[in-house]
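The primary structure of each chain is shown beneath.
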Amino acid sequence: MKRVFSGVQPTGNIHLGNYLGALRQFVELQDDHECLYCIVDLHAITVPQDPKVLKEHILDVAALYLAVGVDPKKSIVFVQSDVSAHAELSWVLTCNSYTGELSRMTQFKSKSHNKESAPTGLFTYPLLMAADILLYDVDVVPVGNDQKQHIELTRDIAVRVNNTRKKTFVVPEGRYLKEGARIMALDDPTQKMSKSAENIHSRISLLDDPAKIKKSIMKATTDSEGVVRFDPETKPGISNLMNIYSVLSGKSLDEIEAAYAGKGYGDFKKDLVVVVTEALAPIKTRYEKIRHSDELIEILKDGAERARAIANPVMQRVKDNFGLGL
């Protein structure tokens, strides 16, 4: 089976965009791939974190992995910093990359915009992401389209090293989201849904209670036409809500348009509240069952051990090819 790696930062409650864009793929892939799913806590410290809060968020995300359907018997679920080779390989890749290619990363440019100086970790974290992937001889990386540039950088560095250091790395392929699956912010459908947005009603998180879900959907930005019609260019707000409705209900966009012909946004939003609430309720129930259990800790410890069994030989191959160590 082909090997898959992906990870999510432990920076708070996972939202609907993360779930529909990434976590549902995690569940689909584990049936016919060898999957490693990581909580990337080293990535989280590119910005200041409260240590106690970060530890809680690590467990939150791990529990949500399991709650949405990731099976630890089929997949390896672990915490990034529990496998020290991630940081070790990141340094080797840092020495085989260039400031020019890192400075072109659009996410760094957006996060450092109008700042005289920015944390070095924000500049170099694509190299840690590359290490995450290359450390496991990964074939496939499921990511959002906003991460495509980082996958291309990973591939470029892998090929660069392979050209001078034998066959050191497997060159991975990105598995990108289908165009219609990208979920945007509810208050500004030109921006993707984000955990860090100040407006809590810009997103729906997987653990939101029904009252919060209802308020966020009813406040969601639409347009003045009042017609439920899918048109991302001129009607991005209602189109975003229709995407959510379609993915969670299994109904096509055409079926949704037909069902709300002659009806207004109010009727549509009320029904969307029901669709979202019913879809997320089982996830929340499973999450609450596993979150504070000893089983969760044991799964993560076992996952780290299994991950190290793959990572350590790859790291040794890298060290041998670069002449490092004894």
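Predicted model, so just to flag it, every value in this text is computed and none were measured.

**Some words on the packing of aromatic side chains**
For step 1, the next point in the chain: This structure, assessed with the given rule, holds 7 aromatic pairs.
For step 2, the next point in the chain: Consider the rings of Phe5 and Tyr136, whose centres lie 5.7 Å apart with planes at 10°: the pair is stacked. Taken together, the residues Phe5 in strand E1 (residues 3-8) and Tyr136 in the loop between helix H7 (120-134) and strand E4 (140-143) connect sequence positions 131 residues apart. Across the pair, exposure class does not vary: Phe5 and Tyr136 are buried alike.
For step 3, the next point in the chain: Seen in terms of ring centroids, Tyr245 and Tyr260 are 6.1 Å apart; in terms of plane orientation they differ by 75°. Their pairing is edge-to-face.

**Notes on the pattern of salt bridges**
For step 1, the next point in the chain: Counted by the stated rule, this structure contains 14 salt bridges.
For step 2, the next point in the chain: Measuring nitrogen to oxygen at the nearest pair gives 2.7 Å for the salt bridge that ties Lys74 to Asp31. Of this pair, Lys74 sits in the loop between helix H3 (51-68) and strand E3 (75-79) while Asp31 is found in the loop between helix H1 (16-29) and strand E2 (34-39), placing the two residues 43 residues apart along the sequence.
For step 3, the next point in the chain: Asp31 gets classed as exposed once you look at its relative accessible area, which sits at 53%.
For step 4, the next point in the chain: Of the charged contacts in the structure, one is a salt bridge between Glu101 and Arg160, with a shortest N-O distance of 2.9 Å.

**Quick notes on the nonpolar core**
For step 1, the next point in the chain: Membership of the largest hydrophobic core comes to 58 residues, with the highest contact counts inside it found for Leu16, Tyr19, Ile39, Tyr65, Leu206, Phe268 and Val276.
For step 2, the next point in the chain: At 11 residues, H3 tops the list of elements feeding residues into this core.
For step 3, the next point in the chain: When near neighbours in sequence (up to four residues on either side) are disregarded, Leu16 contacts Met193, Ile204, Leu206, Ile244, Leu248 and Leu280.
For step 4, the next point in the chain: In terms of nonpolar packing, the next biggest core, distinct from the first, is built from 40 residues, Leu93, Ala131, Ala304 and Ala311 among them.

**Details of the side chain of Ser90**
For step 1, the next point in the chain: Relative to the assigned elements, Ser90 resides in helix H4 (residues 85-94).
For step 2, the next point in the chain: Overall, Ser90 belongs to the buried group, its relative accessible area being 11%.
For step 3, the next point in the chain: Leave out the neighbours within four places in its chain, and Ser90 touches Leu127, Leu128 and Ala131.

**Structural notes on unusual backbone geometry**
Note: most peptide bonds trans; most residues except glycine with negative phi.
For step 1, the next point in the chain: Positioned with a positive phi, Asp137 is a non-glycine residue whose angle comes to about 50°.
For step 2, the next point in the chain: Take Asp137: it is sitting in the loop between H7 and E4.
For step 3, the next point in the chain: If you check the backbone angles, Lys166 has positive phi at about 55° while not being a glycine.

**Regarding the environment of Thr46**
For step 1, the next point in the chain: With respect to the helices and strands, the residue Thr46 is situated in the loop between helix H2 (41-44) and H3.
For step 2, the next point in the chain: A relative accessible area of 18% means that Thr46 is categorised as buried.
For step 3, the next point in the chain: Expressed as a C-alpha distance, the spacing of Thr46 and Pro119, which sit 73 residues apart in the sequence, is 6.9 Å.
For step 4, the next point in the chain: If we skip the residues at most four places from it in the chain, Thr46 touches Pro119, Gly121, Leu122 and Tyr125.
For step 5, the next point in the chain: At a separation of 3.0 Å, a polar atom in the side chain of Thr46 contacts the main-chain carbonyl oxygen of His43.

Definitions and limits used
Note on numbering: residues in each chain are counted from 1, in written sequence order. A pLDDT threshold of at least 70 governs which residues receive local features in this predicted model, and a stricter bar of 80 or more applies before side-chain atom pairs are shown or counted, although totals over entire chains, interfaces and linings include all residues. Side-chain descriptors were evaluated using all non-hydrogen atoms of the structure, hydrogens and water having been removed beforehand. Within 6.5 Å between ring centres, the rings of Phe, Tyr and Trp (the latter by its six-membered ring) count as paired, and their orientation is classed by plane angle as stacked under 30 degrees, edge-to-face over 60, tilted in between. Put simply, DSSP marks the helices as runs of H or I at least four residues long and the strands as runs of E at least two long, and each gets a number from the N terminus on. Residue burial is assigned from relative accessible area. The probe radius is 1.4 Å, only protein chains are included, and a residue is buried under 20% of its type maximum, exposed over 50%, and partly exposed in between. Salt bridge criterion: a side-chain nitrogen from Lys or Arg within 4 Å of a carboxyl oxygen from Asp or Glu. Residue types Ala, Val, Leu, Ile, Met, Phe, Trp, Tyr and Cys, when buried and joined through side-chain atoms within 4.5 Å, form a set referred to as a nonpolar core. Should any heavy atoms of two residues lie within 4.5 Å, those residues are counted as being in contact. Polar contact is defined as a pair of N or O atoms within 3.5 Å, subject to the rule that within protein one atom must be able to donate a hydrogen and the other to accept it, and that residues adjacent in sequence are counted only when both atoms are side-chain atoms.

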